[in-house]
Amino acid sequence: MSEVAVENQTQAPLEGYVGEILSALGDAVVAVEQCDERRGFARIDPGRTIEVAKKMFVMDGARFATATGIDVRDGIDVLYHWAFEPAGAVVTLKALAAGPDVTLDSIANDVPAANWIEREMHDLLGVNFRNHPDMRRLILDDSWPEGVYPLRKDFDQIKDRPPLPAIPPAPEENLI
Amino acid sequence: MSHKSMISIGPFHPLQEEAEFFQLYLDGEKVVDVDVRISYTHRGIEKLNESKTFDQVAFVVERVCGICSASHPLAYIQAVEDIAHVKVPERALYLRTIVNEMERIHSHLLWVGLAGHFLGYNTVFMWAWKYREPTMEALEIATGSRVNYANCKIGGVRRDITDEHLKMIDRLVTGTRGDIEMLTAAVVDDPVLHARLKGVGVLSKADAYAYGACGPTGRGSGMPIDVRRDDPYAAYDRIDWNIFVEETGDVFAKAKIRLLEALESIKIIHQAIRDIPGGEIDAKVENIPAGEAIGHVEAPRGETFHYVRSDGSNYPVRHKIRAPSYNNVPTFKASCIGADISDVAITLASVDPCYSCTERMCTAVDAESGKEMFDFAQLVKLSQEKTERIRKQV
């Protein structure tokens, strides 16, 4: 794990439509990094992802766009992107999955749209989502080794590529 | 006691452009569960982009999808322009609008053709693809290529379109209006299609919000969303156009929306060509500061969503791509369950799944004996037979 640390801990003033959304989340928001007319970036308490997701999900016009996982110095940063229509705003809530077990509570039980993206982040970045309904592999092949996460910064595309799985011999009766 | 079985669709077939794997669990002829497996041809573009410069990434993301090859670079470029606080010249905004709308016309007509084929309307297939061709020619005139246009760049567009070419594009695209209107009327007024598509593959509004559906899939289920209107980019806020929303959520609604949107795109292109201002086409951006931003664009299938983080170097630290089908495909969990097996082919096709051009292998295996029952060609045949039955009744 390397790269940009969790930066920008400055508190931006809560204004306008995005400001209202962020203030409705109360003290679950620990830092507001950007709060413009149409864009908001805020950091939330990583222990309260479910509570925040439930509040966002029922807001008027809210739609879960997707989430992004980023390998940063202190762990994996998970960014939940929520789009609001017709206001055209996108609010990004960041939760840091820190420590050796890189774990967050899964929001997929409350927000079905988050199901696939959490599986994807588990595959590619090794984030563990507690209580996810269906944590099978989505992106990686079944033959990919456990514990190798290709989207982490310390994974080299050429040097760390696992060998291809052996092709099983064709059964006798298929040979004409 | 009913007959429990499983149908596997995919993942590989010589006719299929990209791989995807559906498993349909059946009880008799009713679908009781759906499981989707993706990423058989995952190309690792997000990882690859971390080793490309900001300029090079625009070419890579174009190759995410052959049909959305104007939307993906635009979404990425808008994110980078947001980081660098670039003011894009007015003429470039109009040029971006023209290319993006041509992309929508050809994508929607391609879908209408395929949907027609699945229903046994091969005339619709032939017509739709014929009316799509002038738009493809116009795209070639505008960008030099029928796919992978390499049109957008950070700060503007790469290539200007001369007034003479603009007139040719307008003539080609507007020339198909009468044909597409005729096709729309033929589809919307056809009693057989009413009987065949209404109430089929219904995605309720609550489910559409829960699964984060976007584009025509969401608008067909009563979600009044369109990035072009809600978060305007390019020149969409300077042009007069409408969005179409249907409340019923069935396949018919989605087909109708796509046809009406294709007509609306002709209107947008015509206005953009009429109003395009002169001047520069490139803001000449020199470096990208540290920061993070989001760019989203209404691709033909829905919102394509890009997130870019920069640390001030020449390379993005992270570039996240979310194509619209990633949110639309899981809606099958809501729309296919309870459906009849002869409606599955068209329901799967109704969201226009991007990376699986719906021509795919499919075998049905009897859960007990392991004997194969159907393949995808037979599913399409079942769908076509049902249309034929309805046609006889009407």
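Treat the numbers as computed from the prediction; the structure is a model and nothing was measured.

Conventions and cut-offs
- Residues numbered from 1 in each chain as written.
- Chains lettered and ligands numbered in written order.
- Predicted model: local features only at pLDDT ≥ 70, side-chain atom pairs only at ≥ 80, totals over all residues.
- Helix = DSSP H or I, 4+ residues; strand = E, 2+ residues; numbered from the N terminus.
- Contact = placed C-beta atoms within 7 Å.
- Domains from an automatic or database assignment.
- Axes fitted to C-alpha atoms, helices over the stretch in contact; angles between N-to-C directions.
- Parallel < 35°, antiparallel > 145°, perpendicular 65-115°, else oblique.
- Left-handed = near helix turned anticlockwise from the far one by under 90°.
- Expected span 1.5 Å × (residues − 1).
- Buried ≥ 20, exposed ≤ 12 C-beta atoms within 10 Å, placed from the backbone.
- Arc of directions from axis to C-beta.
- Nonpolar A, V, L, I, M, F, W, Y, C, P; charged D, E, K, R; others polar.
- Pairing = 2+ DSSP bridges.

Enquirer: Is there a simple way to explain the overall build of chain B in this structure?
Expert: When helices and strands are tallied, chain B shows 16 helices and 10 strands. Sequence-distant contacts, at least 24 apart, represent 71% of the contacts inside chain B between residues at least 6 apart.

Enquirer: Would you mind going over the environment of B:Ser51 with me for this structure?
Expert: Along the polypeptide, B:Ser51 turns up in the loop between α1 (45-49) and α2 (54-62). Taking the C-alpha atoms as reference points, B:Ser51 and B:Arg318, separated by 267 residues in sequence, lie 10.0 Å from one another.

Enquirer: Which parts of the structure should I look at to understand the domain arrangement of chain B?
Expert: By convention, interface size is frequently given as the accessible area that disappears when the constituent parts associate. Residue and element names in this part refer to chain B. Under the domain assignment used here, chain B contains domain 1 (4-41 + 331-393) and domain 2 (45-326). Computed from C-alpha coordinates alone, the two centres of domain 1 and domain 2 are separated by 28 Å. Between domain 1 and domain 2, the residue contacts involve 24 residues of the former and 26 residues of the latter. Where the side of domain 1 that touches domain 2 is concerned, the elements lending two or more residues are α14 (332-335), α15 (344-350) and α16 (376-393).

Enquirer: Just to check I follow, could you spell out the packing of helix α4 (residues 90-118) of chain B against helix α5 (residues 122-143) of chain B for this structure?
Expert: Helix-helix packing is characterised by the crossing angle of the two axes and by the distance between the axes. All names here are of chain B. As a packed pair, α4 and α5 sit with axes 8 Å apart at the nearest point and diverge in direction by 160°. When the axis of α4 is compared with that of α5, the two are roughly antiparallel. The two elements α4 and α5 meet at a crossing, and its hand is left-handed.

Enquirer: Mind showing me how you'd approach helix α6 (residues 163-175) of chain B here?
Expert: The periodicity of an α-helix, 3.6 residues per turn, causes residues three or four positions apart to be oriented the same way. All names here are of chain B. When the terminal C-alpha atoms of α6 are compared, their 18 Å separation across 13 residues agrees well with the 18 Å that a helix rising 1.5 Å per residue should span. Residues of α6 that are buried include every one of Leu 166, Ile 169 and Val 173, and no others. Along the long axis of α6, the arc covered by the buried residues comes to 60°, so they all point the same way. Every exposed residue of α6 that faces more than 90 degrees away from the buried side is listed here: Glu 164, Lys 167 and Arg 171. Elements in contact with the buried residues of α6: α4, α5 and α12 (251-275).

Enquirer: Where do I start with the packing of α6(B) against α12(B) in this structure?
Expert: Residues and elements named next belong to chain B. Viewed as axis vectors pointing N to C, α6 and α12 meet at an angle of 160°, and their least axial separation amounts to 10 Å. Relative to α12, the element α6 is oriented roughly antiparallel. As α6 runs across α12, the sense of the crossing is left-handed. Within the contact between the two elements, α6 uses Leu 166, Ile 169, Asp 170, Val 173 and Thr 174 and α12 uses Ile 266, Ile 269, His 270 and Ile 273. Of the residues assigned to the contact of α6 with α12, the class counts are 6 nonpolar, 2 polar and 1 charged.

Enquirer: Would you take a moment to explain the sheet that holds strand β5 (residues 89-98) of chain A for this structure?
Expert: Across a sheet, strands are paired by hydrogen bonds formed along the backbone, either parallel or antiparallel in direction. Residues and elements named next belong to chain A. Strand order in this open sheet of 5 strands is β1-β2-β5-β4-β3, and the pairing throughout is mixed. Among the strands making up the open sheet, the edge pair consists of β1 (29-35) and β3 (62-72). The average angle at which neighbouring strand axes cross in this sheet is 20°, direction not considered. Helix α3 (residues 114-125) contacts β3 and β4 (75-84) of the sheet and is inclined by roughly 5° relative to β3.

Enquirer: Is there a simple way to think about the environment of B:Lys198 in this case?
Expert: Here B:Lys198 shows up in the loop between α8 (191-197) and α9 (205-210). C-alpha separation for the pair B:Lys198 and B:Gly249, spaced 51 residues apart in sequence, amounts to 9.1 Å.

Enquirer: Teacher, can you tell me more about the sheet that holds strand β6 (residues 290-299) of chain B here?
Expert: All names here are of chain B. Read across the sheet, 3 strands follow the order β6-β7-β8 without closing on themselves; strand pairing throughout is antiparallel. The sheet is open, and its two borders are formed by β6 and β8 (316-322), each paired with just one other strand. The mean angle between the axes of side-by-side strands here comes to 10°, regardless of whether they run parallel or antiparallel. Contacts from helix α3 (residues 71-84) reach β6 and β7 (302-311), with the element oriented near 150° to β6.

Enquirer: Hey, could you run me through the interface of chain A and chain B in this one?
Expert: Every contact between the two is made by 27 residues of chain A and, on the other side, 28 residues of chain B. Those elements that provide at least two residues to the side of chain A that touches chain B are β2 (39-44), β3, β4, β5 and α3 of chain A. A total of 6 residues in the side of chain A that touches chain B trace back to one element, the largest contributor, which is β3(A).

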